[in-house]
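# Residue-level structure breakdown
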Amino acid sequence: MLIYSIELKEGIFMAVTNNIREIREQRGIYQDDLAAAIGYSTKTVGRIERGDSTPSAEFMLRISKYFNMLVEDVFHVVD
């Protein structure tokens, strides 16, 4: 599971993880097919899977809808 931080306000950070890769691989979905289905580039999906980029709310909603899962089941806040 990958972790990246989002700054909420000055000096306040929230760590977020995702399990996109695990879900995608369990379902036999290639990264480029997922990217095309949700309207993002393969490069963007890869960066977010690795935790190199922070996903937008729209990205999180599209991924969750594609997987037919709750956002909370794909993305997790770490205290």
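Up top is the structure these notes are about.
Description of the structure in this document.

Rules and cut-offs
- Residues numbered from 1 in each chain as written.
- Predicted model: local features only at pLDDT ≥ 70, side-chain atom pairs only at ≥ 80, totals over all residues.
- Heavy atoms only, no water.
- Helix = DSSP H or I, 4+ residues; strand = E, 2+ residues; numbered from the N terminus.
- Buried < 20%, exposed > 50% of the residue type's maximum accessible area, 1.4 Å probe, protein only.
- Contact = heavy atoms within 4.5 Å.
- Areas by Shrake-Rupley, 256 points an atom, 1.4 Å probe, with all protein chains shown as cover.
- Polar contact = N/O pair within 3.5 Å; in protein donor to acceptor, adjacent residues only side chain to side chain.
- Axes fitted to C-alpha atoms, helices over the stretch in contact; angles between N-to-C directions.
- Parallel < 35°, antiparallel > 145°, perpendicular 65-115°, else oblique.
- Left-handed = near helix turned anticlockwise from the far one by under 90°.
- Nonpolar A, V, L, I, M, F, W, Y, C, P; charged D, E, K, R; others polar.

Within the protein chain one finds 5 helices and 3 strands. Helices and strands in the protein chain line up, N terminus first, as β-β-α-α-α-α-α-β. Of all 79 residues assigned to the protein chain, the portion counted as buried reaches 33%. Counting only contacts in the protein chain whose residues sit at least 6 apart along the sequence, the fraction spanning at least 24 positions is 49%. In the structure as shown, the protein chain presents an accessible area of about 5100 Å², 51% of it carried by carbon and sulfur atoms.

Along the chain, the position of His76 falls in strand E3 (residues 75-78). Assessed through its relative accessible area of 26%, His76 is described here as partly exposed. Side-chain polar atoms of His76 contact the backbone oxygen of Glu72, separated by 3.1 Å.

What follows concerns the packing of helix H2 (residues 31-38) against helix H3 (residues 42-50). Between H2 and H3, the shortest axis-to-axis distance is 8 Å and the interhelical angle comes to 110°. Taken together, the axes of H2 and H3 lie roughly perpendicular to each other. The two elements H2 and H3 cross, and the hand of that crossing is right-handed. Residues Gln31, Asp32, Leu34, Ala35 and Ile38 of H2 pack against Thr42, Val45, Gly46 and Glu49 of H3. Here the residues of the contact of H2 with H3 are counted per class, giving 4 nonpolar, 3 polar and 2 charged.

Turning our eyes to something else, we now look at the packing of H2 against helix H4 (residues 57-67). For the pair H2 and H4, the least separation of the axes is 10 Å and the interaxial angle reads 110°. In this view, H2 runs roughly perpendicular relative to H4, as classed from their interaxial angle. Crossing of H2 over H4 shows right-handed handedness. Together, Leu34, Ala37 and Ile38 of H2 and Phe59, Arg62, Ile63, Tyr66 and Phe67 of H4 make up the contact between the two elements. Residues belonging to the contact of H2 with H4 are distributed by class as follows: 7 nonpolar, no polar and 1 charged.

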